[in-house]
Amino acid sequence: LFSPKAIMSFKIPSPPSGQPEWPYDLYQLLRNERVSQISHVPDAGHKVLIHLSLADPEVHSIPLTTEEEGVAMSVGAHLGGERHVVLMQSSGVGNCINMLSLPRLGKFPFLALISMRGDFGEGNPWQMPMGKSIRPVLEACDIVCLKVEETSEVLSTVSAAITMAFQCTESVCVLLGQKLLGAKKF
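Cut-offs applied
Residues numbered from 1 in each chain as written. Predicted model: local features only at pLDDT ≥ 70, side-chain atom pairs only at ≥ 80, totals over all residues. Heavy atoms only, no water. Helix = DSSP H or I, 4+ residues; strand = E, 2+ residues; numbered from the N terminus. Rg over C-alpha atoms; globule rule 2.2 N^0.38 Å. Buried < 20%, exposed > 50% of the residue type's maximum accessible area, 1.4 Å probe, protein only. Axes fitted to C-alpha atoms, helices over the stretch in contact; angles between N-to-C directions. Parallel < 35°, antiparallel > 145°, perpendicular 65-115°, else oblique. Left-handed = near helix turned anticlockwise from the far one by under 90°. Contact = heavy atoms within 4.5 Å. Nonpolar A, V, L, I, M, F, W, Y, C, P; charged D, E, K, R; others polar. 1 Å grid on protein atoms, 1.4 Å probe; cavity = no way out; pocket = protein on both sides within 12 Å on 5 of 7 lines; lining within 4 Å. Points joined across faces, edges and corners; volume = space filled by probe spheres on them. Pairing = 2+ DSSP bridges. Expected span 1.5 Å × (residues − 1). Bend = angle between axes of the 7 residues up to and from the residue.

Student: Hey, could you run me through the overall build of the protein in this one?
Tutor: Counting secondary structure elements, the protein contains nine helices and six strands. Over its C-alpha trace the protein gives a radius of gyration of 15 Å, about what one expects of a compact globule, namely 16 Å for 186 residues. In terms of its C-alpha atoms, the protein occupies a principal-axis envelope of roughly 50 × 45 × 30 Å. Buried residues in the protein amount to 47% of all 186 residues.

Student: Is there a simple way to explain the packing of helix α2 (residues 22-32) against helix α3 (residues 47-55) in this structure?
Tutor: Two quantities define a packed helix pair, namely the angle between the helix axes and the distance between the axes. Where α2 contacts α3, the two axes come as close as 9 Å, and the packing angle between them is 45 degrees. Taken together, α2 and α3 sit at an angle that is classed as oblique. For the pair α2 and α3, the crossing hand works out as right-handed. Packed against α2, whose contacting residues are Pro23, Tyr24, Leu26 and Tyr27, the element α3 presents Val48, Leu49, Leu52 and Ser53 at the interface. Residues belonging to the contact of α2 with α3 are distributed by class as follows: seven nonpolar, one polar and no charged.

Student: What am I meant to see in the layout of surface pockets here?
Tutor: One water molecule sets the probe size; rolling that probe over the atoms shows where empty space is left. By volume, the largest pocket is sized at about 240 Å³. Trp22, Pro23, Ala44, Gly45 and Leu181 are, among the 14 residues lining the largest pocket, the residues nearest its centre. Secondary-structure elements contributing two or more residues to the lining of the largest pocket are α2, α3 and α9 (178-181).

Student: Teacher, can you tell me more about the sheet that holds strand β5 (residues 144-148) here?
Tutor: The strands making up a sheet are joined through hydrogen bonds of the backbone, oriented either antiparallel or parallel. Read from one edge of the open sheet, six strands run β2-β1-β3-β4-β6-β5, paired in parallel fashion. Looking at the sheet topology across the chains shown, the edges are occupied by β2 (60-63) and β5. Taken over all neighbouring pairs, the strand axes of this sheet differ in orientation by 20 degrees on average, direction set aside. Against the sheet, helix α7 (residues 128-140) engages β4 (110-115), β5 and β6 (171-176), with an angle of about 155 degrees to β5. The sheet strands contacting helix α8 (residues 151-168) are β3 (83-89), β4, β5 and β6, and the helix crosses β5 at an angle near 170 degrees.

Student: What is the right way to look at α7 in this model?
Tutor: Residue pairs spaced three or four apart in an α-helix point in one direction, given the helix's 3.6 residues per turn. With 13 residues, α7 ought to run about 18 Å at 1.5 Å a step, and its terminal C-alpha atoms sit 19 Å apart, in line with that. Where α7 bends most, at Ile134, the angle is about 50 degrees, and the proline Pro136 comes one to four residues later. Buried within α7 we find Met130, Gly131, Ile134 and Leu138. Turning to α7, the residues buried within the fold contact α5 (90-93), β4, β5 and β6. Taken from the residues just after α7, Asp142 is the one with a positive phi, measuring 65 degrees.

Student: It is not clear to me how unusual backbone geometry should be interpreted in this structure. Could you clarify?
Tutor: Trans is the common state for peptide bonds, and a negative phi is the common state for residues other than glycine. Of note in the backbone geometry, Arg34 takes a positive phi value of approximately 65 degrees without being a glycine. Counting through the fold element by element, Arg34 comes out in the loop between α2 and β1 (35-40). Its identity as a non-glycine residue notwithstanding, Asp142 has a phi of 65 degrees, on the positive side. By secondary structure assignment, the location of Asp142 is in the loop between α7 and β5.

Student: For this particular structure, what's the right way to read empty space enclosed by the protein?
Tutor: Taken as a whole and assessed by the stated rule, the structure comprises one cavity of 30 Å³ or more. Taken as a whole, the largest cavity spans an internal volume of roughly 30 Å³. Lining the largest cavity are Met88, Val93, Cys96, Leu100, Phe110, Ala112, Ile114, Leu138 and Cys173. With three residues, the top contributor of residues to the lining of the largest cavity is β4.

This is the structure in structure tokens:
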């Protein structure tokens, strides 16, 4: 076996002044846990993770045309011996519902970090339906949902999700709430 820290040569930058540190620490955690593939759609809630993954030459940063492609990418990564994380917004989860049967029935690990819309302080009525139904819908698909509201919970929650996904071959979604990310008025 190899030490995950020994293979990482990419230096994660410090956050710009006034910006939260937790996304940078979260990226470091993902890399320490040997995540080598990160797929994503454009999303302001995951902006830092996306930019870091694009800058990291040791990570395959994969832009998706639609979120359900990330589910298939996750299975492919596992079959190729790599760890994969999907980044998406809660409104995109609806696009994945049918595809989520793949990791469940194949007993493949699946991990998604989901930036929430339609919860605390939401200002866009079009985001509310999926925001209110995301947890019951994912749980109906036999997916473990862990929600994070405070910066102090980010690393421990994602670390627990990594263990559940990759050691127990579970499907796990971490819901990053708007209390953490900041409520949007648009």
